[in-house]
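# Summary of the model geometry
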Amino acid sequence: MSSAMNILSLVFLLLFSATAWAEPPAPRVAAPDISAAAYVLYDESSSQFLLEKSGDTRREPASLTKLMTAYLVFDALRRGDLTSDETLTVPAEALRHNGGEARMLLTEGQSVSVSDLLQGLIVQSASDAALTLAAHLGGETAFVAQMNAKARQLELNATRFNNPVGWAEAGHYSTAHDLALLAGALRRDFPQHYPLFSQREFTFNKITQANANRLLWIDPYTDGLKTGYSRTAGYCLIGSATRGNRRLVSVILGAPSETLRATESQALLNYGFQYFDAVRLYGKNQPVTHLRLWKGTENTIAIGFRNERFVTLPKGRKAQLKATVETRQPVLAPVAAGQPLGELKLTLNDQPYARFPLVALESVPLANVFSRGWDSIQLLFR
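A few points on the structure. Sequence positions are assigned chain by chain, starting from 1 and proceeding in written order. The predicted origin of the model limits local features to residues at a pLDDT of at least 70 and limits the giving and counting of side-chain atom pairs to 80 or more, whereas totals for whole chains, interfaces and linings rest on all residues. Values reported for side chains reflect all heavy atoms of the structure, with hydrogen atoms and water molecules removed beforehand.

Definition used for salt bridges: Asp or Glu carboxyl oxygen within 4 Å of a side-chain nitrogen of Lys or Arg. Counted according to the given criterion, the structure contains 15 salt bridges. The salt bridge partner of Asp223 is Arg247, with a shortest N-O separation of 2.8 Å. Of this pair, Asp223 sits in strand E8 (residues 222–230) while Arg247 is found in strand E10 (residues 246–255), placing the two residues 24 residues apart along the sequence. Per residue, the accessibility class of Asp223 equals that of Arg247, and both read buried. Linking Arg355 and Glu343 is a salt bridge whose minimum nitrogen-to-oxygen distance equals 2.9 Å. Of this pair, Arg355 sits in strand E18 (residues 351–360) while Glu343 sits in strand E17 (residues 340–348), and the two are 12 residues apart along the sequence. Arg355 sits in the partly exposed class, given a relative accessible area of 48%. Within the structure, one salt-bridge network assembled from shared partners comprises Asp75, Arg78, Arg79, Asp81 and Lys150. Runs of E in the DSSP output that reach at least two residues are strands. Runs of H or I that reach at least four are helices, and both are numbered from the N terminus. Only protein chains enter the accessibility calculation, which uses a 1.4 Å probe; a residue is then buried when its area is under 20% of its type maximum, exposed when over 50%, and partly exposed in between.

Have a look at this one:
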């Protein structure tokens, strides 16, 4: 058989997997009325966007920019380019500001530990902390280039940074979609640092400043993540909360007030937990099916998902799910673990719902010349 699609129609009761999504049908209860210019509600366990308005529209991220600044600092700590107890000298250029943004009130030449600067960056949203860290990680210009390179690596395709702080500049933008993905990447890649985002206050130089994320006070399930504000961006907030084994992320951009950004974030999170269920579909490295393999040391190969997968649905809808597996034949060795070999398509109530890549769960090298030759002969007659 040539490159024609081999379609294996498989109806599973609850045995499918998921990595990318169409927006699910709405529950019978109406979604909350959100006044923000753009928002998304994201289920991190299933990588699914549950609700959104203007989720792909480019907007000023304001101080939400500092999430990428934090990501690069965490990365530098992981590489050993910085240590938490290392002290950095505050350069003069770190003291410039645009007026009302939050600061640690650092002074030129002051020695401050990386640990304190990170708490200032995340808890206080301090611009002078961001600029000090950027200055010591290659300088601001190089640091911004790293921010954009990391955005591309994380597939934040509608995001571009011009500074590590979030000042409004032409060409400095992101989207609610991208910011939700960045929030997920921070927790996934640096879980040891994630508790910083739930810290309610930080004292430096005998001055205590509170975290501006009011969700940390009003919602016991919330453990992050970041606020932002500028006159042109409006009030912004990324909230993150867990209940049981589920984690939801809300992104609010351009809310009219500080109060509304918090109450609307909480309304989105409550709606997601109350009216959607996350169903575990496949375990890590659990085979979805096995394919015939040609010219390899094995005759079959398992395909599935490299990580545990969930699907998020409106409550009471999981019985309406069906799955179809499609693979491109023939499958020829060598095959590397993680190599895409097929696709899982889901329908909900017989309507297209989602499609997800299926990958090889093992590596299979080429067989010897005699086995390859015999398989070549068999393929001629298929």
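Contact geometry for helix H2 (residues 114–122) and helix H3 (residues 127–136): axes closest at 7 Å, N-to-C directions at 135 degrees. The angle between H2 and H3 falls in the class oblique. Seen from above, H2 lies across H3 with left-handed handedness. Residue-level inspection shows Leu117, Gly120 and Leu121 of H2 in contact with H3, the latter providing Ala129, Ala130, Thr132 and Leu133. Any residue outside Ala, Val, Leu, Ile, Met, Phe, Trp, Tyr, Cys, Pro, Asp, Glu, Lys and Arg is labelled polar, Gly included; the first ten of those are nonpolar and the last four are charged. Its residues assigned to classes, the contact of H2 with H3 shows 5 nonpolar, 2 polar and no charged. Angles here are taken between N-to-C directions and fall from 0 to 180 degrees, while the axes themselves are lines fitted to C-alpha atoms, restricted in helices to the stretch in contact. For this classification, under 35 degrees means roughly parallel, over 145 means roughly antiparallel, 65 to 115 means roughly perpendicular, and everything else is oblique. Here a crossing is taken to be left-handed if its near helix is turned anticlockwise relative to the far helix by less than a right angle, and right-handed if that turn runs clockwise. Contacts between residues were defined by any pair of non-hydrogen atoms, one from each residue, lying within 4.5 Å.

Of the voids in this model, the second largest pocket is the one considered here, and its volume is about 560 Å³. Of the grid points, spaced at 1 Å and generated over the protein atoms alone, those admitting a 1.4 Å probe that cannot get out make up cavities, while open sets with protein on both sides within 12 Å along at least five of seven lines make up pockets; any residue with an atom within 4 Å of a point is treated as lining. In this structure, the second largest pocket is lined by 30 residues; those nearest its centre are Ser63, Gly100, Glu101, Ala102 and Tyr229. Only strand E7 (207–210), E8 and helix H7 (258–275) provide two or more residues apiece to the lining of the second largest pocket. Looking at which element gives the most residues to the lining of the second largest pocket, the answer is E8, with 6 residues. The residue inventory of the lining of the second largest pocket, partitioned by class, reads 11 nonpolar, 13 polar and 6 charged. Grid points are joined across faces, edges and corners, and a volume is the space filled by probe spheres set on the points.

Moving on, we come to the sheet that holds E8. Spatial ordering of the open sheet is given by E3-E2-E10-E9-E8, a layout of 5 strands whose pairing is antiparallel. Two strands lie at the open edges of the sheet, namely strand E3 (48–53) and E8, each paired on one side alone. For this sheet the average axis-to-axis angle between neighbouring strands, irrespective of direction, equals 10 degrees. Sheet topology places strand E2 (residues 38–43) next to E10; 6 bridges connect them, and they run antiparallel. From the neighbouring strand, Tyr39 faces E10, where its bridge partner is Ile252. Contacts between helix H5 (residues 176–189) and the sheet are confined to E2, E3, E8, strand E9 (234–243) and E10, with E10 contributing the most and set at about 140 degrees to the helix. Contacting E2, E3, E8, E9 and E10, H7 crosses the sheet at an angle of about 150 degrees to E10. Whether two strands pair comes down to DSSP finding at least two bridges between them.

A few words now on the packing of helix H1 (residues 66–79) against H2. Between H1 and H2, the shortest axis-to-axis distance is 10 Å and the interhelical angle comes to 160 degrees. Regarding the angle of H1 to H2, the classification is roughly antiparallel. Crossing angle aside, the handedness with which H1 passes H2 is left-handed. In this structure, H1 uses Lys66, Thr69, Ala70, Val73, Phe74 and Leu77 to contact H2, whose residues at the interface are Val114, Leu118, Leu121 and Ile122. Class assignment of the residues belonging to the contact of H1 with H2 gives a composition of 8 nonpolar, 1 polar and 1 charged.

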